[in-house]
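Breakdown of the fold
Chain by chain, the residues:
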Amino acid sequence: MHYYTHSDCLLHEMQPGHPERPDRLRSISQHLERSGLLSDVTVVQAAPLDPYLLHLAHQDDYLQRLAELSPNEGWVAVDPNTTMNPHSLRAARCAAGAVHQAVRDVLSGVDRHAFCAVRPPGHHAEANAAMGFCFYNSIAVGACTALSDLQRVAILDFDVHHGNGTVDIFKQRPDVLVCSSFQHPYYPYRHADTVAANIINTPLPAGTGSTAFRAAIERDWLPALERHAPQLILVSAGFDAHTEDPLARLELGDDDFRWITELIVSCANTFCDGRIVSALEGGYDLKALARSVHAHLEVLA
Ligand SMILES: [Zn+2]
(Lines give C-alpha, C1' and ligand atoms only; values in the text may rest on other atoms or scores of the structure.)
Protein backbone atom coordinates (compact mmCIF):
# COMPACT_ATOMS: atom_id res chain seq x y z
CA MET A 1 0.00 0.00 0.00
CA HIS A 2 1.05 3.59 -0.70
CA TYR A 3 0.37 6.17 2.03
CA TYR A 4 0.19 9.79 0.88
CA THR A 5 0.43 12.76 3.18
CA HIS A 6 1.89 16.28 3.34
CA SER A 7 3.37 18.14 6.31
CA ASP A 8 1.57 21.36 5.24
CA CYS A 9 -1.76 19.67 6.07
CA LEU A 10 -0.76 20.35 9.71
CA LEU A 11 -0.58 24.14 9.17
CA HIS A 12 -4.30 24.64 8.58
CA GLU A 13 -6.01 25.52 11.85
CA MET A 14 -9.50 26.83 12.52
CA GLN A 15 -10.47 28.51 15.80
CA PRO A 16 -8.70 27.16 18.92
CA GLY A 17 -10.61 24.14 20.21
CA HIS A 18 -12.10 23.27 16.81
CA PRO A 19 -12.51 19.46 16.47
CA GLU A 20 -11.03 19.38 12.93
CA ARG A 21 -7.49 19.99 14.18
CA PRO A 22 -3.90 19.11 13.23
CA ASP A 23 -3.67 16.63 16.12
CA ARG A 24 -5.96 14.31 14.14
CA LEU A 25 -3.15 13.59 11.66
CA ARG A 26 -0.53 13.43 14.43
CA SER A 27 -2.61 10.91 16.36
CA ILE A 28 -2.96 8.71 13.26
CA SER A 29 0.72 8.77 12.34
CA GLN A 30 1.87 8.18 15.93
CA HIS A 31 -0.46 5.19 16.28
CA LEU A 32 0.66 3.72 12.94
CA GLU A 33 4.32 4.21 13.86
CA ARG A 34 3.89 2.52 17.24
CA SER A 35 2.03 -0.42 15.71
CA GLY A 36 4.72 -0.86 13.03
CA LEU A 37 2.19 -0.54 10.20
CA LEU A 38 3.84 2.58 8.81
CA SER A 39 7.05 0.66 8.16
CA ASP A 40 5.12 -1.85 6.02
CA VAL A 41 3.83 0.77 3.59
CA THR A 42 5.41 3.24 1.16
CA VAL A 43 5.04 6.76 2.59
CA VAL A 44 4.85 9.51 -0.05
CA GLN A 45 5.03 13.27 0.56
CA ALA A 46 2.44 14.32 -2.04
CA ALA A 47 2.71 17.42 -4.20
CA PRO A 48 0.07 20.16 -3.82
CA LEU A 49 -2.48 20.11 -6.63
CA ASP A 50 -1.86 22.45 -9.57
CA PRO A 51 -4.51 25.16 -9.09
CA TYR A 52 -5.96 24.73 -12.58
CA LEU A 53 -6.91 21.13 -11.71
CA LEU A 54 -9.28 22.42 -9.01
CA HIS A 55 -11.58 23.31 -11.91
CA LEU A 56 -12.21 19.60 -12.34
CA ALA A 57 -14.54 19.80 -9.34
CA HIS A 58 -15.24 23.50 -8.69
CA GLN A 59 -16.55 26.56 -10.46
CA ASP A 60 -14.13 29.33 -11.35
CA ASP A 61 -15.97 32.11 -9.48
CA TYR A 62 -16.00 29.97 -6.31
CA LEU A 63 -12.25 29.35 -6.51
CA GLN A 64 -11.60 33.07 -7.07
CA ARG A 65 -13.87 34.06 -4.18
CA LEU A 66 -12.10 31.65 -1.84
CA ALA A 67 -8.65 32.89 -2.92
CA GLU A 68 -9.72 36.51 -2.32
CA LEU A 69 -10.97 35.65 1.18
CA SER A 70 -7.73 33.91 2.20
CA PRO A 71 -6.24 35.96 5.08
CA ASN A 72 -2.64 37.09 5.50
CA GLU A 73 -3.00 36.64 9.25
CA GLY A 74 -5.64 35.48 11.71
CA TRP A 75 -8.84 33.77 10.59
CA VAL A 76 -11.64 34.39 8.14
CA ALA A 77 -14.98 32.55 8.36
CA VAL A 78 -16.33 31.11 5.11
CA ASP A 79 -19.24 29.26 6.75
CA PRO A 80 -20.54 29.20 10.36
CA ASN A 81 -18.23 26.24 11.19
CA THR A 82 -15.44 26.62 8.61
CA THR A 83 -12.62 29.16 8.88
CA MET A 84 -9.41 29.77 6.97
CA ASN A 85 -6.03 30.75 8.33
CA PRO A 86 -3.20 31.85 5.99
CA HIS A 87 -2.25 28.19 5.33
CA SER A 88 -5.69 26.68 4.81
CA LEU A 89 -5.87 26.81 1.02
CA ARG A 90 -2.32 25.47 0.74
CA ALA A 91 -3.28 22.55 3.04
CA ALA A 92 -6.43 21.94 0.99
CA ARG A 93 -4.37 21.89 -2.22
CA CYS A 94 -2.01 19.36 -0.59
CA ALA A 95 -5.01 17.19 0.36
CA ALA A 96 -6.44 17.29 -3.16
CA GLY A 97 -2.95 16.82 -4.62
CA ALA A 98 -2.47 13.66 -2.59
CA VAL A 99 -5.67 12.13 -3.93
CA HIS A 100 -4.84 13.20 -7.49
CA GLN A 101 -1.38 11.65 -7.25
CA ALA A 102 -2.71 8.49 -5.59
CA VAL A 103 -5.20 8.01 -8.43
CA ARG A 104 -2.52 8.47 -11.07
CA ASP A 105 -0.19 6.05 -9.29
CA VAL A 106 -2.85 3.38 -8.82
CA LEU A 107 -3.97 3.67 -12.44
CA SER A 108 -0.39 3.37 -13.69
CA GLY A 109 0.12 0.21 -11.63
CA VAL A 110 2.50 1.57 -8.98
CA ASP A 111 0.29 -0.07 -6.33
CA ARG A 112 -3.28 -1.36 -6.04
CA HIS A 113 -4.18 0.35 -2.74
CA ALA A 114 -3.58 3.93 -1.68
CA PHE A 115 -4.55 5.87 1.43
CA CYS A 116 -4.33 9.65 1.76
CA ALA A 117 -3.80 10.84 5.36
CA VAL A 118 -4.74 14.43 4.70
CA ARG A 119 -6.78 17.35 6.01
CA PRO A 120 -8.85 19.48 5.62
CA PRO A 121 -11.50 16.95 4.57
CA GLY A 122 -13.37 17.55 1.32
CA HIS A 123 -16.70 15.76 0.92
CA HIS A 124 -18.92 18.67 2.05
CA ALA A 125 -17.35 21.08 -0.47
CA GLU A 126 -19.85 21.61 -3.29
CA ALA A 127 -19.07 22.84 -6.80
CA ASN A 128 -19.72 26.37 -5.61
CA ALA A 129 -19.55 26.34 -1.78
CA ALA A 130 -17.17 25.67 1.11
CA MET A 131 -18.83 24.18 4.16
CA GLY A 132 -18.53 21.65 6.97
CA PHE A 133 -14.73 22.08 7.48
CA CYS A 134 -14.19 21.51 3.70
CA PHE A 135 -12.79 23.79 0.96
CA TYR A 136 -11.82 21.62 -2.03
CA ASN A 137 -13.51 18.29 -2.70
CA SER A 138 -10.43 16.09 -2.91
CA ILE A 139 -12.23 12.83 -3.64
CA ALA A 140 -14.16 14.53 -6.46
CA VAL A 141 -10.89 15.82 -7.92
CA GLY A 142 -9.56 12.25 -7.73
CA ALA A 143 -12.63 10.85 -9.50
CA CYS A 144 -12.32 13.43 -12.29
CA THR A 145 -8.62 12.64 -12.62
CA ALA A 146 -9.49 8.96 -13.06
CA LEU A 147 -12.19 9.71 -15.63
CA SER A 148 -9.63 11.06 -18.07
CA ASP A 149 -8.53 7.40 -18.44
CA LEU A 150 -11.61 5.43 -17.33
CA GLN A 151 -15.31 5.28 -18.20
CA ARG A 152 -16.78 4.51 -14.75
CA VAL A 153 -15.71 5.06 -11.15
CA ALA A 154 -17.43 4.69 -7.78
CA ILE A 155 -17.07 6.82 -4.64
CA LEU A 156 -18.00 5.05 -1.39
CA ASP A 157 -18.50 7.43 1.54
CA PHE A 158 -18.96 5.98 5.03
CA ASP A 159 -18.38 9.23 6.95
CA VAL A 160 -21.19 9.80 9.47
CA HIS A 161 -22.18 12.95 7.57
CA HIS A 162 -23.78 12.86 4.15
CA GLY A 163 -21.31 13.53 1.32
CA ASN A 164 -23.40 16.43 0.00
CA GLY A 165 -20.52 18.07 -1.86
CA THR A 166 -19.68 14.91 -3.77
CA VAL A 167 -23.37 14.38 -4.60
CA ASP A 168 -23.66 18.01 -5.74
CA ILE A 169 -20.68 17.67 -8.08
CA PHE A 170 -21.73 14.33 -9.61
CA LYS A 171 -25.53 14.33 -9.45
CA GLN A 172 -25.72 14.65 -13.23
CA ARG A 173 -22.71 12.46 -14.00
CA PRO A 174 -23.88 8.85 -14.56
CA ASP A 175 -20.25 7.75 -14.96
CA VAL A 176 -19.69 8.36 -11.22
CA LEU A 177 -21.58 6.18 -8.74
CA VAL A 178 -21.76 7.89 -5.34
CA CYS A 179 -22.82 5.77 -2.33
CA SER A 180 -23.07 7.61 0.99
CA SER A 181 -24.15 6.28 4.39
CA PHE A 182 -24.92 8.87 7.04
CA GLN A 183 -26.79 9.70 10.22
CA HIS A 184 -30.17 11.16 9.26
CA PRO A 185 -31.66 13.61 9.92
CA TYR A 186 -28.39 15.40 10.68
CA TYR A 187 -25.86 17.89 9.32
CA PRO A 188 -25.43 18.94 6.44
CA TYR A 189 -29.18 18.86 5.60
CA ARG A 190 -28.42 19.20 1.88
CA HIS A 191 -28.79 16.83 -1.07
CA ALA A 192 -29.80 13.83 1.08
CA ASP A 193 -33.05 13.78 -0.95
CA THR A 194 -31.31 13.79 -4.35
CA VAL A 195 -32.86 11.19 -6.63
CA ALA A 196 -30.64 9.95 -9.46
CA ALA A 197 -29.69 6.48 -10.65
CA ASN A 198 -26.02 7.10 -9.77
CA ILE A 199 -26.68 8.50 -6.26
CA ILE A 200 -27.24 5.93 -3.52
CA ASN A 201 -28.16 7.53 -0.21
CA THR A 202 -28.19 5.31 2.87
CA PRO A 203 -29.70 7.33 5.74
CA LEU A 204 -29.32 5.79 9.21
CA PRO A 205 -31.16 6.90 12.35
CA ALA A 206 -29.18 8.10 15.38
CA GLY A 207 -28.21 5.12 17.53
CA THR A 208 -27.66 2.76 14.57
CA GLY A 209 -25.12 0.08 15.51
CA SER A 210 -23.06 -2.54 13.79
CA THR A 211 -25.72 -5.03 12.67
CA ALA A 212 -28.12 -2.52 11.12
CA PHE A 213 -25.24 -0.59 9.52
CA ARG A 214 -23.81 -3.69 7.85
CA ALA A 215 -27.25 -4.81 6.63
CA ALA A 216 -27.99 -1.37 5.12
CA ILE A 217 -24.64 -1.21 3.30
CA GLU A 218 -25.10 -4.70 1.84
CA ARG A 219 -28.70 -3.92 0.84
CA ASP A 220 -27.97 -0.55 -0.84
CA TRP A 221 -24.37 -0.54 -2.04
CA LEU A 222 -23.74 -4.05 -3.35
CA PRO A 223 -26.47 -4.08 -6.06
CA ALA A 224 -25.47 -0.56 -7.15
CA LEU A 225 -21.82 -1.59 -7.46
CA GLU A 226 -22.87 -4.67 -9.41
CA ARG A 227 -24.82 -2.52 -11.89
CA HIS A 228 -22.13 0.16 -12.20
CA ALA A 229 -19.08 -2.14 -12.42
CA PRO A 230 -16.60 0.63 -11.52
CA GLN A 231 -13.07 0.55 -12.94
CA LEU A 232 -11.71 2.26 -9.80
CA ILE A 233 -13.15 2.59 -6.29
CA LEU A 234 -12.53 5.79 -4.36
CA VAL A 235 -13.34 5.96 -0.67
CA SER A 236 -14.35 8.98 1.42
CA ALA A 237 -13.09 7.40 4.62
CA GLY A 238 -14.62 9.25 7.54
CA PHE A 239 -14.44 7.57 10.94
CA ASP A 240 -16.90 9.78 12.84
CA ALA A 241 -19.63 7.10 12.86
CA HIS A 242 -17.56 5.56 15.69
CA THR A 243 -19.49 5.28 18.95
CA GLU A 244 -16.73 7.26 20.75
CA ASP A 245 -16.91 10.18 18.29
CA PRO A 246 -18.13 13.42 19.89
CA LEU A 247 -19.81 14.90 16.79
CA ALA A 248 -22.48 12.35 15.95
CA ARG A 249 -24.57 9.51 17.32
CA LEU A 250 -23.98 6.34 15.32
CA GLU A 251 -22.55 3.45 17.29
CA LEU A 252 -19.95 1.72 15.14
CA GLY A 253 -16.80 0.12 16.54
CA ASP A 254 -13.27 -0.40 15.19
CA ASP A 255 -14.38 -3.76 13.74
CA ASP A 256 -17.05 -2.14 11.59
CA PHE A 257 -14.37 -0.13 9.79
CA ARG A 258 -12.39 -3.34 9.28
CA TRP A 259 -15.57 -5.00 7.96
CA ILE A 260 -16.44 -2.26 5.46
CA THR A 261 -12.85 -2.14 4.23
CA GLU A 262 -12.94 -5.90 3.62
CA LEU A 263 -16.20 -5.44 1.72
CA ILE A 264 -14.66 -2.67 -0.41
CA VAL A 265 -11.56 -4.79 -1.12
CA SER A 266 -13.78 -7.68 -2.17
CA CYS A 267 -15.76 -5.43 -4.55
CA ALA A 268 -12.57 -3.92 -5.96
CA ASN A 269 -11.20 -7.41 -6.59
CA THR A 270 -14.40 -8.31 -8.44
CA PHE A 271 -14.72 -5.17 -10.57
CA CYS A 272 -11.45 -3.30 -10.93
CA ASP A 273 -8.33 -5.43 -10.36
CA GLY A 274 -8.42 -4.45 -6.70
CA ARG A 275 -7.79 -0.75 -7.36
CA ILE A 276 -8.72 1.44 -4.37
CA VAL A 277 -7.87 5.04 -3.49
CA SER A 278 -9.06 6.00 -0.01
CA ALA A 279 -8.87 9.46 1.56
CA LEU A 280 -9.46 10.63 5.11
CA GLU A 281 -12.59 12.69 5.75
CA GLY A 282 -13.95 13.02 9.35
CA GLY A 283 -13.20 11.38 12.70
CA TYR A 284 -12.82 13.57 15.79
CA ASP A 285 -12.04 11.40 18.80
CA LEU A 286 -8.26 11.18 18.51
CA LYS A 287 -7.93 7.66 19.93
CA ALA A 288 -10.93 6.11 18.15
CA LEU A 289 -9.82 7.80 14.91
CA ALA A 290 -6.29 6.38 15.13
CA ARG A 291 -7.54 2.86 15.90
CA SER A 292 -10.17 2.99 13.14
CA VAL A 293 -7.68 4.18 10.52
CA HIS A 294 -5.38 1.40 11.68
CA ALA A 295 -8.15 -1.17 11.14
CA HIS A 296 -8.83 0.30 7.66
CA LEU A 297 -5.15 0.19 6.71
CA GLU A 298 -4.47 -3.27 8.11
CA VAL A 299 -6.94 -4.55 5.51
CA LEU A 300 -5.61 -2.34 2.70
CA ALA A 301 -1.99 -3.20 3.45
ZN1 LIG B 1 -18.11 13.68 9.06
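In this report, we go over the structure that sits alongside the text. (Residues numbered from 1 in each chain as written. Predicted model: local features only at pLDDT ≥ 70, side-chain atom pairs only at ≥ 80, totals over all residues.)

Across its full length, the protein chain carries eight helices and 10 strands. Rg of the C-alpha trace for the protein chain: 17 Å, near the compact-globule value of 19 Å for 301 residues, within the 12% margin. Over its C-alpha atoms, taken along the principal directions, the protein chain stretches across nearly 50 × 40 × 40 Å. Counting across all 301 residues of the protein chain, residues that qualify as buried make up 51%. At a minimum sequence separation of 6, the contacts of the protein chain that also span at least 24 residues come to 74%. (Helix = DSSP H or I, 4+ residues; strand = E, 2+ residues; numbered from the N terminus. Rg over C-alpha atoms; globule rule 2.2 N^0.38 Å. Buried ≥ 20, exposed ≤ 12 C-beta atoms within 10 Å, placed from the backbone. Contact = placed C-beta atoms within 7 Å.)

With 20 residues, helix α3 (residues 88-107) extends 29 Å from end C-alpha to end C-alpha; this agrees with the ideal 28 Å at 1.5 Å per step. Counting buried residues in α3 gives 16 out of 20 residues, a clear majority hidden from the surface. Immediately downstream of α3, the backbone of G109 shows phi near 90°, a positive value. (Expected span 1.5 Å × (residues − 1).)

The omega torsion across R119 and P120 is 0°, close enough to zero to call that bond cis. Positionally, P120 belongs in the loop between β5 (113-116) and α4 (138-146). Of note, F133 is a non-glycine position whose phi angle comes to about 70°, a positive value. Among the secondary structure elements, F133 is positioned in the loop between β5 and α4. One non-glycine residue, Y189, lies in positive phi territory at about 55°.

This part takes up the environment of P205. Residue position: P205 is located in the loop between β8 (199-204) and α6 (210-228). Along the primary structure P205 and L250 are separated by 45 residues, whereas in three dimensions their C-alpha atoms are 7.8 Å apart.

Once that is clear, we can look at the nonpolar core. Among the nonpolar cores identified, the biggest contains 91 residues, and V99, C116, I233 and V277 are the most heavily contacted of them. By residue number, the principal contributor to this core is α3, which donates 11 residues. Residues in contact with I233, not counting those within four places in the same chain, are A154, L156, I264, C267, A268, C272, R275 and I276. (Core = buried A, V, L, I, M, F, W, Y, C linked by C-beta atoms within 7 Å.)

Turning to the packing of α3 against α4, a few remarks are in order. Packed helices, taken two at a time, are described by the angle their axes make and the gap between the axes. Here α3 crosses α4 at 30°, and the two axes come no closer than 8 Å. The orientation of α3 relative to α4 falls into the category roughly parallel. Seen from above, α3 lies across α4 with right-handed handedness. Here A95, A96, V99, H100, A102, V103, R104 and L107 of α3 lie close against α4, whose contacting residues are S138, I139, V141, G142, T145 and A146. Looking at side-chain class alone, the contact of α3 with α4 contains nine nonpolar, four polar and one charged residues. (Axes fitted to C-alpha atoms, helices over the stretch in contact; angles between N-to-C directions. Parallel < 35°, antiparallel > 145°, perpendicular 65-115°, else oblique. Left-handed = near helix turned anticlockwise from the far one by under 90°. Nonpolar A, V, L, I, M, F, W, Y, C, P; charged D, E, K, R; others polar.)

This next bit is on the packing of helix α1 (residues 23-35) against helix α8 (residues 286-300). Packing of α1 against α8 leaves a shortest axis separation of 9 Å and a crossing angle of 50°. It follows that α1 is oblique to α8 by the angle criterion. α8 is crossed by α1, and the crossing has right-handed handedness. Seen from α1, the contacting residues are D23, R24, S27, I28, H31, L32 and S35; seen from α8, they are L286, L289, A290, R291, V293 and H294. Class assignment for the residues of the contact of α1 with α8 results in six nonpolar, four polar and three charged.

Counting buried residues in α4 gives nine out of nine residues, a clear majority hidden from the surface. Buried residues in α4 make contact with α3, β6 (153-157), α5 (164-170), β7 (176-183), β9 (233-237) and β10 (276-280).

With that settled, the discussion passes to the pairing of strand β2 (residues 42-45). Bridge count for strand β1 (residues 2-5) against β2 is four bridges, and the pairing is parallel. Bridging across to β2, H2 finds its partner in T42. As a crossover connection, the stretch from β1 through α1 into β2 is right-handed. (Pairing = 2+ DSSP bridges. Right-handed = clockwise from strand over helix to strand, strands pointing away.)

Next up on the list: the sheet that holds β10. Paired through their backbone hydrogen bonds, the strands of a sheet run either parallel or antiparallel. The eight strands lie next to each other as β2-β1-β5-β10-β9-β6-β7-β8, forming an open sheet whose pairing is parallel. Single-partner strands in this sheet number two, and they are β2 and β8. Between one strand and the next, the sheet's axes are offset by a mean angle of 15°, whatever the strand orientation. Alignment of β7 against β8, held across six bridges, turns out to be parallel. Its bridge partner being in β8, C179 is matched across the sheet by I200. Across the face of the sheet, helix α7 (residues 254-271) comes into contact with β6, β9 and β10 while running at roughly 165° to β9. Each of β5, β9 and β10 touches α8; the most contacted strand, β5, lies at about 160° to it.

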